[in-house]
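The residues making up each chain are set out below.
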Amino acid sequence: MKIPEPEITITSLIDQAHEERLEKPRAHLGCSMLGHHCERWLWLSFRWAVQEKFKGRILRLFRRGQNEEDTIISDLRAIGVSVTGTQRRVDFDSHVSGSLDGIGKGVPGAPKTEHVLEFKTHSLTSFNDLEKNGVEKSKPMHFTQCQVYMHGTDLKRALYIAICKDDDRIYTERLEYDRDHAEKAIAKGQRLTLTDRLPPPISTAPTWFECKMCPAYGIVCFREQGVNHERARSND
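Residues numbered from 1 in each chain as written. Predicted model: local features only at pLDDT ≥ 70, side-chain atom pairs only at ≥ 80, totals over all residues. Heavy atoms only, no water.

### Remarks on the packing of helix α2 (residues 39–46) against helix α6 (residues 179–194)
The N-to-C vectors of α2 and α6 enclose an angle of 55°; their axes lie 9 Å apart at closest approach. Relative to α6, the element α2 is oriented oblique. Remark: the crossing between α2 and α6 carries right-handed chirality. Contacts between α2 and α6 pair Glu39, Leu42, Trp43 and Phe46 from the former with Lys188, Arg191, Leu192 and Thr193 from the latter. Taken together, the residues that form the contact of α2 with α6 break down as four nonpolar, one polar and three charged. (Axes fitted to C-alpha atoms, helices over the stretch in contact; angles between N-to-C directions. Helix = DSSP H or I, 4+ residues; strand = E, 2+ residues; numbered from the N terminus. Parallel < 35°, antiparallel > 145°, perpendicular 65-115°, else oblique. Left-handed = near helix turned anticlockwise from the far one by under 90°. Contact = heavy atoms within 4.5 Å. Nonpolar A, V, L, I, M, F, W, Y, C, P; charged D, E, K, R; others polar.)

### Here we look at helix α5 (residues 140–153)
With 14 residues, α5 ought to run about 20 Å at 1.5 Å a step, and its terminal C-alpha atoms sit 20 Å apart, in line with that. Of all 14 residues in α5, 10 are buried, a share of seventy percent or more. Those residues of α5 not exposed but buried are His142, Phe143, Thr144, Gln145, Cys146, Gln147, Val148, Tyr149, Met150 and Thr153. In the segment just after α5, aspartate 154 is the residue with positive phi, at about 60°. (Expected span 1.5 Å × (residues − 1). Buried < 20%, exposed > 50% of the residue type's maximum accessible area, 1.4 Å probe, protein only.)

### Some words on the sheet that holds strand β8 (residues 170–176)
Strand order in the open sheet made by the five strands is β2-β5-β6-β7-β8, with mixed pairing throughout. Looking at the sheet topology across the chains shown, the edges are occupied by β2 (82–84) and β8. Pairwise comparison of adjacent strand axes, ignoring direction, gives a mean angle of 30° for this sheet. Where strand β6 (residues 115–122) meets strand β7 (residues 157–164), seven bridges bridge the pair, whose relative direction is parallel. Note that in β7 the partner of glutamate 118 across the bridge is tyrosine 160. In the packing of helix α4 (residues 124–138) onto the sheet, the strands contacted are β6, β7 and β8, and the crossing angle to β8 comes to about 35°. (Pairing = 2+ DSSP bridges.)

### Considerations on the sheet that holds strand β3 (residues 89–91)
Taken in spatial order, the three strands line up as β1-β4-β3 in an open sheet, and their pairing is mixed. Every interior strand has two partners, whereas the edge strands, β1 (29–30) and β3, have only one. Relative to strand β4 (residues 96–99), β1 is paired through two bridges, and the arrangement is parallel. What sits directly across from glycine 30, in β4, is serine 97.

### Section: the pairing of β4
Across three bridges, β3 lies against β4 in antiparallel orientation. Residue arginine 89 lies in a different strand from β4, and its bridge partner there is serine 99. In this antiparallel pair of consecutive strands, β3 and β4, the connection spans four residues, and aspartate 93 shows a positive phi of 65°.

### Considering the packing of aromatic side chains
Aromatic ring pairs are described here by two measures, namely the spacing of the ring centres and the angle between the planes. In the structure shown here, the tally under the stated rule is three aromatic pairs. Aromatic pair phenylalanine 54 and phenylalanine 62: ring centres 5.0 Å apart, planes at 80°, arrangement edge-to-face. Overall, the relative accessible area of 33% leaves phenylalanine 54 in the partly exposed class. Seen from their ring centres, tryptophan 208 and phenylalanine 209 are 4.9 Å apart, and the 55° between their planes marks the pair as tilted. Look at phenylalanine 209 and you get exposed, because its relative accessible area is 57%. (Phe/Tyr/Trp six-rings, centres within 6.5 Å; stacked < 30°, edge-to-face > 60°.)

In C-alpha cells form, the structure reads like this:
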C-alpha cells in the first residue's frame, strides 16, 4: 500500500530550498546574453532593474546543465581531445565579459586546431529543432556567445556540444569565426551598459509573443496590462 504524500512534500521542500538560495546578480553583462533579441531587457537586467525569478524545478534544471559540463569534458578526453581553459575569463571592457566552458584541441576533423568549447543541455523539443536547423538558426544566442568567445580568445573555430536531457543524444557542430558578427554583438553590449537611455521595446503590442512572458512586461513595458498579463500566464 502506497503511503500518502504529506501536504508539504519532499519535492516542494527541495524546490523551496533552491528558491531561497539567492544568487547575487551579475556585476557585468554576460557574453551569453549578447544575442538576446531585446535591447531593453538587456539594459534593464544589467542594471538589476528587473530580476527574473525561477521556480525550484527550473533552478534544478539549471544545475543539471552545469553538472553536465564535467561529464562532457570527461567524454571528450576519453576520445583524445585535450581540454584546457575551463572557466577562462574573456573581458571586453565596459562591463561586458564572460567565462568559457573550455578550449579543446584534438577535435576529430581538425585535430591541430584549437576550438572554443560551448556545452548546452536541451529539452527534447529544443534538441530536435537544433538537429534540424543548426546552432545559428535554432539558438542564435548560443551562436553569438560562441562568436564572442572566439573573438576574445583569437580562435577561429568553436565546438558546440548539446545533450538531450530526455534521451542523452549528443549533437555537435563546429562553427567558423565571424568577425563582423562578434564585433557587432560586443559593441551592442558596450553601448547598452554605458548609455543612460532606456532602449525602445521590440514591440508596442501587449500581445506580442516575445513580450508576453518577459519579467518586465507588467513592470516597465506594459504596466497597464500587468494584472491581465499575470492572469493570462496562470491560464497558459
